[in-house]
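# Summary of structural features
Here's the letter readout for the chains.
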Amino acid sequence: MDPILYTILLCVIVFGISLGAAAYMTWGERKLAAVLQDRVGPSRAGPFGLLQPIADGIKMIFKEEMIPTHSNRWLFVLGPCFFMLTACMTSVVIPWGSGLTINDTFYRMQVTDINIGLLYLLGVVSIGVYGIMIGGWASNNKYSLLGALRASSQMISYEVAMGLSLIALVMTTGTLQLGEIVRQQDGGFANVVYQPLGFLIFLICAFAETNRAPFDLPETESELVGGFHTEYSSMKLGFFLFAEYINMFISSAVMATLYFGGYNFPFQHELGLEGNALAIVQSLVFMLKISGFIFLFMWIRWTLPRFRYDQLMNLGWKILLPLALANIFITGLVMFFSGKLG
Amino acid sequence: MLTNRAKVVVKKELSWSERIYLPAILQGMLITFSHLFKRTPTIKYPEQKREFSPVYRGQHVLKRDESGAERCTACGLCAVSCPAEAITMDAAERKKGEEHLYREEKYARIYEINMLRCIFCGLCEEACPKEAIFLTDRIVPSSFTRGEEIFGKDKLVEPVDAPIDVSARQTNDVLEFKKNKKFYHNLTFNDRQIR
Ligand code: SF4
Ligand code: SF4
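First things first, this report covers the structure right here in the doc. Just so you know, these numbers come straight off a predicted model, no measurement behind them. (Residues numbered from 1 in each chain as written. Chains lettered and ligands numbered in written order. Predicted model: local features only at pLDDT ≥ 70, side-chain atom pairs only at ≥ 80, totals over all residues. Heavy atoms only, no water.)

Below, the discussion takes up the pattern of salt bridges. Side-chain pairs of opposite charge can arise where the charged atoms are in close proximity. One pass over the structure, following the stated rule, counts 15 salt bridges over all chains. Among the ionic contacts, a cluster of salt bridges with common partners joins Glu29, Arg212, Glu244 and Arg301 of chain A. (Salt bridge = Lys/Arg side-chain N within 4 Å of Asp/Glu carboxyl O.)

Another point: the site of ligand 1. As a matter of local geometry, ligand 1 sits amid His60, Cys82, Pro83, Ala84, Ile87, Cys118, Ile119, Phe120, Cys121, Gly122, Leu123 and Cys124 of chain B. Looking at the shell around ligand 1 residue by residue, the class counts come to 10 nonpolar, two polar and no charged. (Near = heavy atom within 4 Å. Nonpolar A, V, L, I, M, F, W, Y, C, P; charged D, E, K, R; others polar.)

Let's shift gears to unusual backbone geometry. Residues and elements named next belong to chain B. Positive phi outside glycine occurs at Ala74, with the angle close to 55 degrees. Summarising the element assignment, Ala74 is placed in the loop between strand 1 (60-62) and helix 3 (77-81). Unlike most non-glycine residues, Phe120 shows phi in positive territory, near 55 degrees. Residue position: Phe120 is located in the loop between strand 3 (106-114) and helix 4 (123-127). (Helix = DSSP H or I, 4+ residues; strand = E, 2+ residues; numbered from the N terminus.)

A separate point is the packing of aromatic side chains. All names here are of chain A. A full pass over the atoms with the stated rule returns 21 aromatic pairs over all chains. Ring geometry for Trp96 versus Phe249: centroids 5.9 Å apart, planes at 15 degrees, classification stacked. In this pair, Trp96 sits in the loop between helix 3 (73-89) and strand 1 (100-102) while Phe249 sits in helix 10 (residues 234-259), placing the two residues 153 residues apart along the sequence. A single burial state applies to Trp96 and to Phe249, both of which are buried. What links up through ring pairs into an aromatic cluster is the set Phe76, Phe83, Phe228, Tyr232 and Phe240. When the ring centre of Tyr143 is taken as reference, the NZ or CZ atom of Lys142 above it lies at 5.8 Å. (Phe/Tyr/Trp six-rings, centres within 6.5 Å; stacked < 30°, edge-to-face > 60°. Buried < 20%, exposed > 50% of the residue type's maximum accessible area, 1.4 Å probe, protein only. Lys NZ or Arg CZ within 6 Å of the ring centre and 35° of its normal.)

All names here are of chain A. The tally for this structure, following the rule as stated, stands at four cavities of 30 Å³ or more. Here the largest cavity defines a volume of roughly 290 Å³. Contributing to the lining of the largest cavity are 21 residues, with Thr90, Val125, Glu209, Asn247 and Ser251 lying nearest its centre. Mapped onto the lining of the largest cavity, the elements with two or more residues apiece are helix 3, helix 4 (117-138), helix 5 (142-173), helix 8 (196-209) and helix 10. Across the lining of the largest cavity, the residue classes tally to 14 nonpolar, six polar and one charged. (1 Å grid on protein atoms, 1.4 Å probe; cavity = no way out; pocket = protein on both sides within 12 Å on 5 of 7 lines; lining within 4 Å. Points joined across faces, edges and corners; volume = space filled by probe spheres on them.)

Let us now look at the interface of chain A and chain B. Taken together, the contact pairs 15 residues of chain A with 16 residues of chain B. Interface area lost by chain A to chain B is led by Asp38, Arg44 and Trp299 of chain A, which between them contribute 36%. For the pair chain A and chain B, the number of links is one salt bridge. Taken together, chain A and chain B are joined by five residue pairs in polar contact (both at pLDDT 80 or more). Elements with a minimum of two residues in the side of chain A that touches chain B: helix 1 (3-36) and helix 11 (275-301) of chain A. Element by element, the count of residues in the side of chain A that touches chain B is highest for helix 11 of chain A, at four residues. Of the residues contributing to the side of chain A that touches chain B, the split by class is 11 nonpolar, one polar and three charged. (Contact = heavy atoms within 4.5 Å. Buried area = accessible area lost by both parts, 1.4 Å probe. Polar contact = N/O pair within 3.5 Å; in protein donor to acceptor, adjacent residues only side chain to side chain.)

Everything listed here is a matter of coordinates, which is why it stays silent on function.
Listed below in structure tokens is the structure:
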């Protein structure tokens, strides 16, 4: 197959998977929330309420579309589009599997394995906040603006710690290429064994970056009505809510890739599986790992209350940042004394 | 300390493990996780029904007597006693040949209860001198328009062939009690005014 055609096809598949996963995460979230609170949850649309995401989508599309008169129309529409776009963009560097061989042609399962994959990831994640910022500002509403401001300051604060925790990882792996990081974890231990503190910091930052509870300050219902999406209605609101789930899906995938061995699983070569069969099982295991992280995201959301704003800033700057720096330092020392340093 | 329930509040410094929050977070997560395995107490309404008390106050019924004639005589006491002003009626005179339809000479041509106003207090039942109106253990069904929630005689009067059992609300004790004029609420409307 033509490589360009294949890349486009792969993009479509990856987008499809992440959109579909996000749709069913909304169902999963509601179901899990219900079960954790001893309720039943969505159960009317289809068996176990499985058609609920479709019903929600149809509802969103048919809602009245309102653009406030005093808003900046052009930016108001741009906000959710931008947020959705950046949410989808990150999925291209994630290795979803080791690749299939059909008729002697190798089909990779990663859209692009650029050698600065990690940097690309950080870059796209950090422009993700522009969607919220633009949308919140263009709404011309004080609650939206406050939500947007909170979102951007939160993102900036936690991106620092996130980047620093990744630096320690890059030090041990010696590469920024996601495919390579995953291949290194084949056979040996997963990176979380070498970087437990780094993983913890990354996990907390991932919660903050995706605006999930307990860091959902940009959209605190109790104080800011709806935060940055107060003025949004119809599918534009749907985009904001939906992109949050895509973000969650992608960050689960990133965590699984970087720290939990990606599509590798223990004793995979002793199973007697070869080639394509192994690749398919690996992809399924990867999905399982992602689901595990998604479960964690939701579990925490329905357990912890929201942070206060000053606590959020304290945690970001006074705890996570020094910890991440210390982590780099310790990693460096250990590498130096174990002779791994050049 | 009268009740022994007073609690001395100690403001102590948080220990290191308390200050890093993580143990507390794990503890909380375990609590929520344990709820994954708890039974949900939800009753899925249209398929499952909650067990009602026999004296549940739900949708009203206008009773017929033993021969199948409507008992209500449109005296209006129920409407007067209704705190929500949910009942309206229009009286008419019984014609010759209608004795099998209406027990008294006067009957309610129109009898309507606005179920959106009704608070299901049961005072109409208490006020009725003819044992004509009762509340039953049926739930008032929901509807798409407000008009549908105004129940006329077609929905209120019990069918001739399918009498609705109200014996749980009309026990002998209740009947005895209702006769006793010593109790203020057993007086007819006019007597109440005099007192
Ligand atoms: S139950 Fe109470 S509120 Fe309802 S109609 Fe009877 S008296 Fe009125
Ligand atoms: S009090 Fe009884 S008899 Fe009188 S109008 Fe009401 S239902 Fe009919």
